[in-house]
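# Chain and residue survey
Below, each chain spelled out in residue letters.
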Amino acid sequence: MTGPVETRRDRVLAALTALGGALLLALLLGRGALRDAGFNSHGALADAFLHGRLWVEHCPEIDCALFEGRRYIIFPPLPALLLTPFIALFGFPGFKGFVLLGLCLSALSLFTWSRIFRALGLGRTEALWLLAALAFASPLYQVTLRSDGVWFFSQTVGFLMMSLSVWAVIGRASLPLAGLFVGLAFLCRQMAIFYPLFLLVLALPRGRPLFADSTAVVKSALLAALPVAAALAVYCAYNAARFGSPFETGYAFIHNPGQEDSFIWRRITEGGLFSRDYLLFNTLYLFLQGTHFEFGGPRLTDLVGFDKAGTAILVASPWLLLAFYARLDRVFAAGAATIAVIAGLTLLYHSNGAEQIATQRYVLDWLPILIVLMVRGERPPAFAALPLLVTWGVTANLAVVTLLSVYRL
């Protein structure tokens, strides 16, 4: 039972979290209203689509490909397609609502997770704490805050689609619908292609043997595979139309003038997109690197910068430590395997997220799976620490974002 002292403590923590969340939301709204320059590359691609082109006349950001004299946005096309009504109405770069639109998408993600938590039988209090954690103490906040950038906007859209794929299985028991959302997620973030294994096992009723009623399982899996295959076909056709090969995404033709001295440029040109040379750096930043401010001046008393490679996920979002108590069964095995594949590939990637603040944003590619594993079944006594862990994540995030805003770093 929860005693009166514990209840008072939780109320204090809830008040701190609510205040921190309100201030973080205000900062996000302020950025969206005052600092969105409207130069998101997805907007340029949406404008190109509206003019019947696959290439852009100018590259608003870095990471554009130069191929046969034309510039291309290298990223999958769904976020740009989502933007076409807004670009058609306001023009490019006339539309300056990327951050506010990202906020709307993230709000839809939170609503989706509220339905998932209800379907999983979570109590109202636990669900509210987890929603606060997801909103203000996870990578979702930081990518929403930076949705005026092409990389971050892609992740707000992709996370919504991945979350909807999980909801389709848990809330609607529909594997084909989940396949549709996986296909849409893939057209934002390629790592979503690994989700079907987890979703298929998650869809099987608990206690039923893995291969029982195999005909129904195979039929449902095949129906789910159709939209995923269609998304793959669309992406391959899109690549072939741009670069002459269905498997060329444009990364081989990245052209970033003025970036030749950056470590990312050196990694791509000297080590390639994927290399084991990046493993130590990416692993330490994913799990161990703390929040790191940089000081300068003769006495090292001037705050001059912040480590843009980010902060370890277990430091910035300590509530995820509760996943240690996940129920061990075949769903856990499928989820852990899927996470291992996605995270393993990103640990070998040339960038760990690069321009990110107080988080590791690539975690969003597998965070929906981890949350499901964490909250399935009965929660152990350790979950009593959830309010404290969430409050720490929210207040630390607020402190970092406030300092960066004040010092304009």
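Please refer to the structure placed before this passage.
Notes on the structure in this doc start here. (Residues numbered from 1 in each chain as written. Predicted model: local features only at pLDDT ≥ 70, side-chain atom pairs only at ≥ 80, totals over all residues. Heavy atoms only, no water.)

### Here's the deal with the pairing of strand S1 (residues 64-67)
Bridging between S1 and strand S2 (residues 70-73) involves 4 bridges; their strand directions are antiparallel. Bridge pairing in S2 places Ala-65 opposite Tyr-72. Connecting S1 to the antiparallel partner S2 that follows it, the hairpin turn spans 2 residues, and Glu-68 within it adopts a positive phi of roughly 50°. (Pairing = 2+ DSSP bridges. Helix = DSSP H or I, 4+ residues; strand = E, 2+ residues; numbered from the N terminus.)

### A short note on the pattern of salt bridges
If charged atoms from side chains of opposite charge come close, those side chains can pair. Here the structure, examined in full by the defined rule, presents 9 salt bridges. Where Asp-148 meets Arg-31, a salt bridge forms, and the shortest distance between an N and an O atom there is 3.3 Å. Of the two residues, Asp-148 is situated in the loop between helix H6 (139-145) and helix H7 (150-170) and Arg-31 in helix H1 (residues 4-34); the sequence distance between them amounts to 117 residues. Neither residue differs from the other here; Asp-148 and Arg-31 are each classed as buried. Note that Arg-266 and Glu-270 form a salt bridge whose closest N and O atoms lie 3.4 Å from each other. Of the two residues, Arg-266 and Glu-270 both sit in helix H11 (residues 263-271), 4 residues apart, roughly one turn of that helix. (Salt bridge = Lys/Arg side-chain N within 4 Å of Asp/Glu carboxyl O. Buried < 20%, exposed > 50% of the residue type's maximum accessible area, 1.4 Å probe, protein only.)

### Comments concerning the packing of H7 against helix H9 (residues 195-203)
Viewed as axis vectors pointing N to C, H7 and H9 meet at an angle of 20°, and their least axial separation amounts to 9 Å. With respect to H9, the axis of H7 lies roughly parallel. Crossing geometry of H7 relative to H9 is assigned as right-handed. Of the residues in H9, those touching H7 at Met-162, Ser-165, Val-166, Val-169 and Ile-170 are Tyr-195, Leu-199, Leu-202 and Ala-203. The residue inventory of the contact of H7 with H9, partitioned by class, reads 8 nonpolar, 1 polar and no charged. (Axes fitted to C-alpha atoms, helices over the stretch in contact; angles between N-to-C directions. Parallel < 35°, antiparallel > 145°, perpendicular 65-115°, else oblique. Left-handed = near helix turned anticlockwise from the far one by under 90°. Contact = heavy atoms within 4.5 Å. Nonpolar A, V, L, I, M, F, W, Y, C, P; charged D, E, K, R; others polar.)

### Things to note about the pairing of strand S3 (residues 293-296)
Strand residues, when the strand is regular, have side chains that alternate between the two faces of the sheet. Across 4 bridges, the pairing between S3 and strand S4 (residues 302-306) is antiparallel. Among the inter-strand pairings, Glu-294 is bridged to a residue of S4, identified as Gly-305. The turn linking S3 back onto S4 is made up of 5 residues, and Gly-297 within it adopts a positive phi angle of 90°.

### Let's talk about the packing of aromatic side chains
Under the counting rule described, the total for this entry stands at 18 aromatic pairs. Taking the centre distance of 4.6 Å and the plane angle of 35° together, the rings of Phe-281 and Tyr-285 count as tilted. On the criterion of helical spacing, the pair formed by Phe-281 and Tyr-285 is a turn pair, its members being 4 residues apart in helix H12 (residues 279-287). Taking relative accessible area as the criterion, Phe-281 reaches 26% and is therefore assigned partly exposed. Judged by its relative accessible area of 11%, Tyr-285 is buried. Stacked on the ring of Trp-55, the Lys or Arg Arg-70 has its end atom at 3.7 Å from the ring centre. Here Arg-267 stacks its cationic end above the ring of Phe-281, 4.5 Å away from the centre of that ring. (Phe/Tyr/Trp six-rings, centres within 6.5 Å; stacked < 30°, edge-to-face > 60°. Lys NZ or Arg CZ within 6 Å of the ring centre and 35° of its normal.)

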